[in-house]
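The chain contents come next:
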Amino acid sequence: MRRHVRTRYRRLTAVSTLCLAAFLAACGGGGGTRPVAPGTVTPPPTPTPTPTPTPSPVYDTLEYSRSNAAASAGAIAAYQDGATGAGVKIAVIDSGVDIHSAEFAGRIDPASRDIAGSRGVDDTDGHGTSVSAVALAAKNYSGIHGLAFDATLIALRTDSPGSCADECSHSDNNIAIAIDTAVAAGARVINMSLGGEGPNARLRTAIGNATAAGVIVVISAGNDSLANPDPFAQIASDPAARGRVIIAGSVNDTDALSSFSNRAGSYAAYYLATLGERVRSFDHTGTAYLFSGTSYAAPGIAGAVALLADAFPSLSADQIIDILFRSARDAGAAGDDGVFGQGILDLFRAFSPIGGTALPGSTVPVTGDAGSLAVLGGALGDGGHLTGALSDVVVLDSYGRAYVADLGAGVSRAAPAPRLAAALQTNTEEARDALGVAGYSLSWNAAVSTRPWLGLAQSGGIDARADADASVTRGFVTGSVTPGTGVGFAAGYGADDLLASMAGTRAPGSRFIASGDALRDDGVSIAGTRAAAVSQRIGGWTFGMAAGTGETQSLRPGSAWDRRRSGDAVQLFAASASRRIGTSDVSVTWSRLDESGSILGAEGSAALGLTRASSNFLGLDWAMDAGHGWRIAAQARGGLTRLDVASGGLISGADALRSLAFAFDVTKSGVVARGDAVSVRIAQPLRVEGGALRADIPTSYDYETETAGYTRRTFTLAPSGREISVEAAWSLPLAGLGHLDTNLFWRRDPGHIASLDDDIGAALRLRARF
């Protein structure tokens, strides 16, 4: 059986300095990260400046823009990632190639030969040369270049002697021999811009042997405007093809299917389209033309195969085809359709990660999407050097392709709590009383009675008018079992807070807006806390122990989180010893916080390897009545947090994190009126001060052994800034009606983040009685 390349042409007006005469050749019978190049690749060290540095290759050139087959497919995405087709062999079974052209010099494989005779492979028709040029013409800043311009050409001439005077014909048996030759010579892809009837048994066997060897075969769809591809191309659905035959359809430069191109029809599962209309190339004489036909779509796809094989040598034929199909631009009806099949070749998408990414040797998904690795806040602030330590990390996509990703972008920070807005909008009041051997405390959100008269902050005006009924938010009850022995139960209070309340040393921090209680404000947002405590007075000392549970509240807005948690359990424990010494009240407190889904309020992911922590804190609370209405108070708190490092994550080890908080207050009563109080405070909320983490970062990848090379990076989570707040507060009782409170404050480095502007605020509040 003979198949043909039927050539029809008409000459049009010359185009530009290329002397492009439009040549319509209706041939074939009727498509964040950057890839890691093959081999072991380690990011180069910072180069030593030299007087004459070697320039990087430039790919976005005039030659590239003229190479519309390459440009329309987005081949520059492959070039910029280091893929040019080098080392990959493309077999073109056609009418030979112009062996004298500089466009193929040094890249014609010795296995190239004339299968149909003894004429040599020098092309006398032009079809083989023009097709080969689309696939791999040289990048030499002249004319055009092929998609895989560094690939090697196996030119196999199968046109029957003398047939090209009319229309070139190719026998099935000669094509079969050519396929066998290409496979033996190591071709990765075979291009056949041919058409005609279905293959005979000999040719079918050769195609089957090629696909069994992992060679991809690309066949043009045909130029008869039919609903189905040419019968020759229909071999793609034959079991012998093993799904490794691609049918190439043609589109124009607007992604519309060419009017001459056969459509996908019943062979949509194997059909891929790319530019095949008015494709710039040249013939065997070196003359440039605009060619049209599915014959010129096929080498565009063959060149794309070579680029993927160069960039990712471990990919199988099935994976390469799957990548091309999955990354194709959808055209026509959504999904696979009977016109465009899988879609239109798109190398920008083909060279991007597909199916998610993971660390080498891990199945845990990892991305550089904001917040995907961690959401920082609280005592960690912005996490210091964590973001920088996670730059240039090798990750693998679902095909095992290595990319260098900036995973530091996957670390986000929670905005520091707006202290002024929270104070005005929460509208929390408290009532306490003692009932013989028992007592109680209730806190609630008032509805209307606490509308602020004035609220000014860096973020603008605050309207904190409530629109809900008052509701109880937390409370505790205490009582005496025997003289000197007390018990307490609380909801909404932590274990250490309950102990302080029972001991009578609870710091009057509620009058301040910018700073909380240095001993108990650890930056961990805990909801649903429940605690129980017992205390015992021995001589002048009061000793207490307490335990509680709760759930951490996510720092992340919404629920776009790989663990999709609504809350992680925390365990709280505390022990204290307190007494009055002269005019001073002294309390020493040990507390423990066990977090199952956070680290001092910050959230980590399994990919990072940090999801659990245990913290021990030691606190000192001292207050002294200095007489004449003066009271001086100081608080200090130090902590050690041990991190539970999970295997398979980026973090391989961690020292204990050291943290510190402090506050110093001075209060004067009776300044303006009886019962009023003026207080001044300087404070630092809990901040991580040190503690090294170690990350074994994959920074290279060897495709041959499929193993990563690692670099150890050591860094600290100490944040970039140090929040210091200074605040003045004045509270005036209003004859049994409530209190009028005034606050002025300044916060430097809010949330321990140096890049944030200082927070300055003022508030005037009316707090009515319960």
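Cut-offs applied
- Numbering of residues begins from 1 in every chain and follows the order in which that chain's sequence is written.
- A pLDDT threshold of at least 70 governs which residues receive local features in this predicted model, and a stricter bar of 80 or more applies before side-chain atom pairs are shown or counted, although totals over entire chains, interfaces and linings include all residues.
- Computation of side-chain values covers all heavy atoms of the structure but excludes hydrogens and water.
- Throughout, a disulfide means two cysteine sulfur atoms within 2.5 Å of one another.
- Only protein chains enter the accessibility calculation, which uses a 1.4 Å probe. A residue is then buried if its area is under 20% of the maximum for its type, exposed if over 50%, and partly exposed in between.
- What counts as a helix is a DSSP run of H or I of at least four residues, what counts as a strand is a run of E of at least two, and both are numbered from the N terminus.
- Residues count as neighbours in contact if any of their non-hydrogen atoms are within 4.5 Å of one another.
- Think of it this way: DSSP has to see at least two bridges between two strands before they count as a pair.
- Every axis in this analysis is a line fitted to C-alpha atoms, fitted for helices over the stretch in contact. Angles between the N-to-C directions lie between 0 and 180 degrees.
- Note: crossing handedness is left-handed where the near helix turns anticlockwise from the far helix by less than a right angle, and right-handed where it turns clockwise.
- Gly is put with the polar residues, along with every residue not named as nonpolar or charged; the nonpolar set is Ala, Val, Leu, Ile, Met, Phe, Trp, Tyr, Cys and Pro, and the charged set is Asp, Glu, Lys and Arg.
- Any pair of Phe, Tyr and Trp rings, taking the six-membered ring for Trp, is counted once the centres come within 6.5 Å. Such a pair is stacked with planes under 30 degrees apart, edge-to-face with planes over 60 apart, and tilted for the rest.
- Here a polar contact is recorded for every N or O atom pair within 3.5 Å, except that within protein the pair must consist of a potential hydrogen donor and a potential acceptor, and residues adjacent in sequence are included only if both atoms are side-chain atoms.
- Two distance rules govern patches: like charges are joined within 9 Å, and nonpolar side chains (Val, Leu, Ile, Met, Phe, Trp, Tyr) within 5 Å, applied only to residues with over 30% relative accessible area and no salt bridge.
- Residue exposure ignores everything except the shown protein chains as possible cover, and the areas themselves are Shrake-Rupley values with a 1.4 Å probe.
- One side-chain nitrogen of Lys or Arg within 4 Å of one carboxyl oxygen of Asp or Glu is enough to make a salt bridge.
- Residue types Ala, Val, Leu, Ile, Met, Phe, Trp, Tyr and Cys, when buried and joined through side-chain atoms within 4.5 Å, form a set referred to as a nonpolar core.
- The span one expects for a helix is its residue count, reduced by one, times 1.5 Å.

## Focus: the state of the cysteines
Working step 1: Tallying each qualifying case throughout the model produces one disulfide.
Working step 2: Paired by a disulfide, Cys164 and Cys168 hold their sulfur atoms 1.8 Å apart. Torsion about the S-S bond of the Cys164 and Cys168 cystine: about 120°, corresponding to right-handed handedness. By the burial criterion, Cys164 is buried, and Cys168 matches it.

## Some remarks on helix H8 (residues 317-327)
Working step 1: Three or more residues of H8 are buried, namely Ala317, Ile320, Ile321, Ile323, Leu324, Phe325 and Ser327.
Working step 2: Next to the buried residues of H8 lie strand E9 (216-220), strand E10 (245-251), strand E11 (271-275), helix H7 (294-311) and helix H9 (347-350).

## Quick notes on the pairing of strand E30 (residues 610-627)
Working step 1: Bridge count for strand E28 (residues 584-595) against E30 is twelve bridges, and the pairing is antiparallel. Counted as the bridge partner of Asp585 is Ala623 from E30.
Working step 2: Bridge analysis of E30 against strand E31 (residues 630-645) gives 16 bridges, and the strand direction is antiparallel. By the bridge assignment, Ala623 is partnered in E31 with Ala633.
Working step 3: The antiparallel hairpin formed by E30 and E31 contains two residues in its connecting segment, where His628 sits at a positive phi of about 60°.

## Some thoughts on the sheet that holds strand E18 (residues 411-413)
Working step 1: On the basis of which strands lie adjacent, the open sheet formed by three strands has the order E18-E15-E29 and mixed pairing. For this open sheet the edge positions go to E18 and strand E29 (603-604), each flanked by a neighbour on one side alone.
Working step 2: For strand E15 (residues 374-376) and E18, the ladder comprises three bridges, and the chain directions are parallel. Looking at the pairing, Ala374 lines up with Val411 of E18.

## Describing the packing of H7 against H8
Working step 1: Two elements in contact, H7 and H8, have axes whose closest approach is 10 Å; the angle formed by their N-to-C orientations is 120°. In the packing of H7 onto H8, the handedness of the crossing is right-handed. Here H7 contributes Ala304, Val305, Leu308 and Ala309 to the contact with H8, which in turn contributes Ile320, Ile323 and Leu324.
Working step 2: Split by residue class, the contact of H7 with H8 holds seven nonpolar, no polar and no charged.

## Points about the packing of aromatic side chains
Working step 1: According to the stated counting rule, one finds twelve aromatic pairs in the structure shown.
Working step 2: Judged by centre distance (5.5 Å) and plane angle (40°), the rings of Tyr59 and Tyr79 are tilted. Of the two residues, Tyr59 sits in the loop between strand E3 (34-35) and helix H1 (62-66) while Tyr79 sits in helix H3 (residues 76-80), which places them 20 residues apart along the sequence.
Working step 3: Ring pairs connect the aromatic residues Phe312, Phe351, Tyr403, Tyr701 and Tyr703, which therefore count as one cluster.

## Details of the sheet that holds strand E35 (residues 692-702)
Working step 1: Read from one edge of the open sheet, three strands run E32-E35-E36, paired in antiparallel fashion. Each edge of the open sheet is held by one strand with a lone partner, namely strand E32 (651-654) and strand E36 (707-716). Taking each pair of neighbouring strands and ignoring which way they run, the sheet shows an average axis angle of 25°.

## A few points about the side chain of Ser731
Working step 1: Within the secondary structure, Ser731 sits in strand E37 (residues 724-733).
Working step 2: At 2.9 Å, the side chain of Ser731 forms a polar contact with the side chain of Asp741.

## Concerning a nonpolar patch on the surface
Working step 1: A cluster of nonpolar residues, Phe573, Val588, Trp590, Leu618 and Leu620, forms a patch on the protein surface that exposes about 440 Å² of accessible area.
Working step 2: Contributions of two or more residues to the nonpolar patch are made by E28 and E30.
Working step 3: As for its placement among the helices and strands, Val588 is situated in strand E28.
Working step 4: When its relative accessible area of 37% is taken as the criterion, Val588 is described as partly exposed.

## What about the nonpolar core?
Working step 1: By size, the foremost hydrophobic cluster in this structure holds 122 residues, and its most contacted members are Tyr79, Ile90, Leu147, Leu324, Leu347, Phe351 and Leu407.
Working step 2: When residues of this core are assigned to their parent elements, the largest contribution, twelve residues, is made by H7.
Working step 3: The next biggest cluster of nonpolar side chains, apart from the first, holds 40 residues, and it includes Ile93, Ile179, Ala185 and Ala236.

## Some thoughts on helix H6 (residues 201-212)
A turn of α-helix holds 3.6 residues, and therefore any two residues three or four places apart point the same way.
Working step 1: When the terminal C-alpha atoms of H6 are compared, their 16 Å separation across twelve residues agrees well with the 16 Å that a helix rising 1.5 Å per residue should span.
Working step 2: For H6, every residue scored as buried is listed here: Leu203, Ala206, Ile207, Gly208, Ala210 and Thr211.
Working step 3: Backbone nitrogen of Arg202 and a side-chain oxygen of the N-cap are separated by 3.2 Å at the start of H6; the cap is Asn200.
Working step 4: Just past H6, the residue Gly214 takes up positive phi, approximately 85°.

## Describing the pattern of salt bridges
Working step 1: Scanning the entire structure with this criterion turns up 24 salt bridges.
Working step 2: A salt bridge links Arg119 to Asp159; its shortest N-O distance comes to 3.3 Å. Taken as a pair, Arg119 in the loop between strand E5 (113-114) and helix H4 (127-136) and Asp159 in the loop between strand E6 (152-157) and strand E7 (168-171) lie far apart in primary sequence, 40 residues in all.
Working step 3: On the basis of relative accessibility, which here comes to 31%, the residue Arg119 falls in the partly exposed class.
Working step 4: For Asp159, a relative accessible area of 2% corresponds to the buried category.
Working step 5: Note that Asp696 and Arg712 form a salt bridge whose closest N and O atoms lie 2.9 Å from each other. Residue Asp696 is found in strand E35, and its partner Arg712 is found in strand E36; the two are separated by 16 residues along the sequence.
Working step 6: The class of Arg712 is exposed, set by a relative accessible area of 51%.

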